[in-house]
Amino acid sequence: MSPADRGRAEKGQSRMAEDAAAPRQADVAMDERGGAALATAFHNQVAYCKANRAPITAGIVAAIWTAVESGRGGPVGERVRRWPGAPLPDALPLRIAGGLHALHLSGQEPALGPIYAGAQGDAAGIVSGALERHAAFLLPWLDGPPQTNEAGRSWAFVAGMLWLGSRGLPPAFECLEIGSSAGINLMLDRYAYSLGDVRVAPNNAVLTLKPEWRGPPPSTERKVGFVSLEGCDVAPLNLRDPAEALRLKAYVWPEHSERFVRLEAAIAAAHQAAPRIQRVTAAAFVENRLRRHQAPGTTRVLMHSVMWQYMTEPEQERITAAMANAGAQATMERPLAWLSLEANRTVHRHELTGRYWPGGNNWALLATAHPHGEWVEWL
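Numbering of residues begins from 1 in every chain and follows the order in which that chain's sequence is written. For this predicted model, a pLDDT threshold of at least 70 governs which residues receive local features, and a threshold of 80 or more governs which side-chain atom pairs are given and counted, while totals over whole chains, interfaces and linings are taken from all residues. The basis for the side-chain values is all heavy atoms of the structure; hydrogens and waters are excluded.

Chemist: Just to check I follow, could you spell out the pattern of salt bridges for this structure?
Modeler: Side-chain pairs of opposite charge can arise whenever the charged atoms involved come near each other. What makes a salt bridge here is a side-chain nitrogen of Lys or Arg within 4 Å of a carboxyl oxygen of Asp or Glu, nothing more. Going through the model one piece at a time under the given rule, you end up with 13 salt bridges. The partner of E150 in a salt bridge is R262, and the shortest N-O contact between them spans 2.8 Å. With E150 in the loop between α8 (135-138) and α9 (154-166) and R262 in helix α11 (residues 257-272), the pair connects residues that are 112 residues apart, well separated along the chain. With respect to burial, E150 and R262 carry one shared label: buried. Beyond isolated ion pairs, a larger network of salt bridges with shared partners links E78, R81 and R82. The numbering of helices and of strands both runs from the N terminus, where a helix is a DSSP run of H or I of at least 4 residues and a strand a run of E of at least 2. Each residue's exposure class comes from its accessible area (1.4 Å probe, protein chains only) as a fraction of the maximum for that residue type: buried when under 20%, exposed when over 50%, partly exposed otherwise.

In structure tokens:
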């Protein structure tokens, strides 16, 4: 290891997450329920949107909360007020915000147009009216978590793989993604990446991801190869289906026009060759795939982004146990790794963490980042 590499490694180790049991998460009222927890969830989401340059979405979430808190919003507002679960990990504010955006995109509620164009006005009154008039359309959006599949997060997995390669793991990756949604990140081998001074680019890339890079490059190596890419989701979306593509678009914050460009590129790529997604729970998928033969000279890597909080604690424990058991049998010829890009709701940004077996079995905090890949601070 060169002095520069050793310095970067020591810096990364100084920021390691000591908990080796699960990806890093914040403690912001995650398990609270009831009225106070509702207020916390909505206020937290407003702050999160503002911190990530999404003032329109922040205003819509605030308007939803004003309607709910004041007893308005019809059946939608009533269901929110009686929400039985923990609203923050359930991403309850974004469920409703996604439904309202879909309502706007479908053209069914013209009154929402000025709000999505950024105009100031009686947002609370307009949103409250929309909630009351379109309950049949909006209530199903509360039945499941947001589908925030985002190509802009693929940088994290590629940067993490470069980091794994710099630790001596074979740069030929067998990728297993949980919570794949529509499989946009399962097509990461079709994207080009500009990560600081490092460029990773396949032939005929369908789009280029170039986050504002802060800090050193993830590695001096430029080799990332893919043996296979497959994932799972309990309710996968089909990018080839216009209705399901609209659902994904509805969860894109309207301020971020570049995200729509990336999504359209991913939809076009899926029409050429669909990503491999299995409809199954994450724990069952991980347990099954870890039992399969792993070719020598390949690195098997579990990866996920913005989904860990949506799983139950027992399922998280099953995945963690399965990875620990498989990691205990890993060798440098057949290593195992885990890359996690999840939200820290205390600082309103995302954190990329990684670990690997053998040798790197503690979580290392690799980077903090904008939730949709606008900027990255490599640590």
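Chemist: Could you clarify how one ought to interpret the sheet that holds strand β2 (residues 191-195) in this entry?
Modeler: Two orientations exist for strands paired in a sheet by backbone hydrogen bonds: parallel and antiparallel. Only strands joined by at least two bridges in the DSSP assignment are considered to pair. Across the sheet, which stays open at both edges, the 3 strands sit in the order β3-β2-β4 with mixed pairing between neighbours. The sheet is open, and its two edges are formed by β3 (198-200) and β4 (207-209), each paired on a single side. Each neighbouring strand pair of the sheet contributes to a mean axis angle of 15 degrees, computed without reference to strand direction. Examined bridge by bridge, β2 and β4 share 3 bridges and lie parallel to one another. Bridging across to β4, Y193 finds its partner in L209. Lines fitted to C-alpha atoms define the axes, with helix axes restricted to the stretch in contact, and inter-axis angles between N-to-C directions lie between 0 and 180 degrees.

Chemist: Help me understand the nonpolar core in this model?
Modeler: As a rule of thumb, nonpolar side chains are buried together in soluble globular proteins. The biggest cluster of nonpolar side chains holds 52 residues, and the ones touching the most others in it are W155, M161, L164, Y191, L239, M303 and W378. The leading source of residues in this core is α9, at 9 residues. Counting residues in hydrophobic clusters, the runner-up holds 36 residues, among them F42, V46, Y48 and L138. We define a nonpolar core as any set of buried Ala, Val, Leu, Ile, Met, Phe, Trp, Tyr and Cys residues linked to one another through side-chain atoms lying within 4.5 Å.

Chemist: What's the story with the side chain of E351 in this structure? I'm lost.
Modeler: Within the secondary structure, E351 is located in strand β10 (residues 349-357). Here the side chain of E351 touches N344 through a polar contact of 3.0 Å, side chain to side chain. Nitrogen and oxygen atoms within 3.5 Å of one another constitute a polar contact, given that in protein one can donate a hydrogen and the other can accept it, and given that sequence-neighbouring residues count only through two side-chain atoms.

Chemist: Just checking my understanding: could you explain the environment of Y251 for this structure?
Modeler: Residue placement: Y251 occurs in the loop between α10 (242-250) and α11. What makes Y251 buried here is its relative accessible area of 6%. Polar contacts involving the side chain of Y251 include one to the side chain of R247, which spans 3.4 Å.

Chemist: Even after reading the chapter, I still don't get helix α4 (residues 74-81), so can you show me in this structure?
Modeler: An α-helix turns once per 3.6 residues; consequently, residues spaced three or four apart project the same way. Those residues of α4 not exposed but buried are V76, G77 and V80. Looking down the long axis of α4, one finds its buried residues gathered within 95 degrees of arc, a one-sided arrangement. Between two residues, a contact is recorded if the distance between any of their heavy atoms is within 4.5 Å. Where α4 is buried, its residues meet α2 (35-51), α3 (55-69), α5 (92-105), α7 (123-133) and α8. This arc is built from the directions going out from the helix axis to the C-beta atoms.

Chemist: What's the story with the pairing of strand β8 (residues 299-305) in this structure? I'm lost.
Modeler: In terms of burial, β8 is largely enclosed, as 7 of its 7 residues are buried. Of the two faces of β8, the one carrying T299, V301, M303 and S305 and the one carrying R300, L302 and H304 are both buried. Bridge count between strand β1 (residues 172-178) and β8: 5 bridges; the pairing is parallel. Counterpart to C175 in the pairing with β8 is V301. Here β8 pairs with strand β9 (residues 336-344) via 6 bridges, running parallel. Looking across to β9, one finds that H304 is bridged to S340. In terms of handedness, the path from β8 via helix α13 (residues 313-328) over to β9 forms a crossover that is right-handed. By convention, a crossover is right-handed whenever its connection, traced from the first strand over the helix to the second and viewed with the strands pointing away, goes clockwise.

Chemist: How should I be thinking about the packing of aromatic side chains in this particular structure?
Modeler: Centre-to-centre distance and the angle between the planes together describe a pair of aromatic rings. What counts as a ring pair is set by centres within 6.5 Å for rings of Phe, Tyr and Trp (its six-membered ring), and what kind of pair is set by the plane angle: stacked under 30 degrees, edge-to-face over 60, tilted for all other angles. Following the criterion strictly, the structure yields 8 aromatic pairs and no others. What links up through ring pairs into an aromatic cluster is the set F137, W141 and Y251. Lysine and arginine charges are scored as sitting over a ring when NZ or CZ, respectively, is within 6 Å of the ring centre and within 35 degrees of the ring normal. One residue, R247, lies across the ring of W141, its end atom 4.4 Å from the ring centre.

Chemist: Is there a simple way to explain unusual backbone geometry in this structure?
Modeler: Most of the time, phi is negative for any residue but glycine, and the peptide bond is trans. With an omega of -5 degrees, the peptide bond running from W357 to P358 counts as cis. For P358, the location among the structural elements is in the loop between β10 and β11 (360-369). Positive phi, normally seen in glycine, also occurs at N204, with a value near 60 degrees. Here N204 shows up in the loop between β3 and β4.

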